[in-house]
Amino acid sequence: MSGAAAGLEVLQITENAGVVQARKLVRTLAQQCRFSLVEQTKLITAASELARNTLVHGGGGTMTASLVEEHGRRGTRLVFADQGPGIPDVDLALTDGWTSGGGMGLGLSGSRRLVDDFVLNTQPGQGTVITITKWVR
């Protein structure tokens, strides 16, 4: 079945506990999807970075998680959404080593490298939505 999503779950990310919950949920979904341990770790790391960004830079928001099946492939899709200030310079924000704060500058660019599909939608003053998908190989 093309484009199907199963087990849609929405988590609020409004405090540090939400970031921890996001990692736990992603670990569970990655295991259900039967990712290898390395691929699980990549997805959980990307999710952790994006959940932290949602909290710190977006002022809080949501993570919507689901198992997906498209074109004969199965995977895990995560959508991080906030109503924060948005990202004024997407190219700069996706540059390795760039940071808007005191971090290491690996959040967006590192997360993008760890997953198969990465879509960023943002408008200054209107928030940010990042959709990532990791496919089973």
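Residues numbered from 1 in each chain as written. Predicted model: local features only at pLDDT ≥ 70, side-chain atom pairs only at ≥ 80, totals over all residues. Heavy atoms only, no water.

Novice: Help me out: how do you make sense of the overall build of the protein chain in this one?
Specialist: Of regular secondary structure, the protein chain possesses four helices and five strands. Counting helices and strands in the order they occur from the N terminus, the protein chain gives β-α-α-β-β-α-α-β-β. Within the protein chain, the fraction of its 137 residues that count as buried is 45%. Expressed as a percentage of contacts within the protein chain between residues at least 6 apart in sequence, the contacts between residues at least 24 apart total 64%. Counting every atom, the protein chain has about 7300 Å² of accessible surface; 52% of that belongs to carbon and sulfur. (Helix = DSSP H or I, 4+ residues; strand = E, 2+ residues; numbered from the N terminus. Buried < 20%, exposed > 50% of the residue type's maximum accessible area, 1.4 Å probe, protein only. Contact = heavy atoms within 4.5 Å. Areas by Shrake-Rupley, 256 points an atom, 1.4 Å probe, with all protein chains shown as cover.)

Novice: It is not clear to me how helix α2 (residues 37–56) should be interpreted in this structure. Could you clarify?
Specialist: Compared with the 28 Å implied by 1.5 Å per residue over 20 residues, the 28 Å span of α2 between its first and last C-alpha is a close match. Along α2, the positions that sit buried rather than exposed are Glu 39, Gln 40, Leu 43, Ile 44, Ala 46, Ala 47, Ser 48, Leu 50, Ala 51, Asn 53, Thr 54 and Leu 55. (Expected span 1.5 Å × (residues − 1).)

Novice: Looking at this structure, I do not really get the pairing of strand β2 (residues 61–70). What am I missing?
Specialist: The side chains of a regular strand alternate, first on one face of the sheet and then on the other. For β2, a buried count of eight out of 10 residues is recorded, marking the element as mostly surrounded by other parts of the structure. Summarising the sheet, β2 and strand β3 (residues 73–82) pair through 10 bridges and their orientation is antiparallel. Across the sheet, residue Thr 62 finds its bridge partner in β3, namely Ala 81. The turn joining β2 and β3, which pair antiparallel and follow one another in sequence, is formed by two residues; a positive phi near 50 degrees is taken by His 71. (Pairing = 2+ DSSP bridges.)

Novice: I would appreciate a short explanation of the environment of Val 119 in the present structure.
Specialist: Position of Val 119 among the secondary structure elements: in strand β4 (residues 117–123). A C-alpha to C-alpha distance of 6.5 Å links Val 119 and Ile 132, two positions 13 residues apart in sequence. Setting aside anything within four residues of it in sequence, one finds Val 119 in contact with Val 129, Ile 130 and Thr 131.

Novice: Is there a simple way to think about the packing of aromatic side chains in this case?
Specialist: Aromatic rings considered in pairs are described by the distance between their centres and by the relative angle of their planes. Applying the stated rule across the entire model yields zero aromatic pairs. Between Arg 73 and the ring centre of Trp 135, over which it is positioned, the NZ or CZ distance is 4.0 Å. (Phe/Tyr/Trp six-rings, centres within 6.5 Å; stacked < 30°, edge-to-face > 60°. Lys NZ or Arg CZ within 6 Å of the ring centre and 35° of its normal.)

Novice: Help me out: how do you make sense of the side chain of Glu 39 in this one?
Specialist: Positionally, Glu 39 belongs in helix α2. Polar side-chain contacts of Glu 39 include one of 2.5 Å to the side chain of Lys 134. (Polar contact = N/O pair within 3.5 Å; in protein donor to acceptor, adjacent residues only side chain to side chain.)

Novice: How should I be thinking about helix α1 (residues 16–32) in this particular structure?
Specialist: Each α-helix winds once per 3.6 residues, and so residues spaced three or four apart point in a common direction. Along its 17 residues, α1 runs 25 Å from first to last C-alpha, staying within 8% of the 24 Å computed at 1.5 Å per residue. Taken together, the buried positions of α1 are Gly 18, Val 19, Ala 22, Leu 25, Val 26, Leu 29 and Ala 30. Mapping the buried residues of α1 onto a view down its axis gives an arc of 135 degrees, with all of them on the same face. (Arc of directions from axis to C-beta.)

Novice: For this particular structure, what's the right way to read the packing of α1 against α2?
Specialist: Geometry of a packed helix pair, given as the angle between the helix axes and the separation of the axes. It is at 9 Å that the axes of α1 and α2 come closest, and there the two elements cross at 155 degrees. With respect to their mutual orientation, α1 and α2 come out roughly antiparallel. α1 and α2 meet at a crossing whose hand is right-handed. Contacts between α1 and α2 pair Asn 16, Val 19, Ala 22, Arg 23, Val 26, Arg 27, Ala 30 and Gln 31 from the former with Gln 40, Leu 43, Ile 44, Ala 47, Ser 48, Ala 51, Arg 52 and Leu 55 from the latter. (Axes fitted to C-alpha atoms, helices over the stretch in contact; angles between N-to-C directions. Parallel < 35°, antiparallel > 145°, perpendicular 65-115°, else oblique. Left-handed = near helix turned anticlockwise from the far one by under 90°.)

Coordinates in, geometry out; function isn't part of it.
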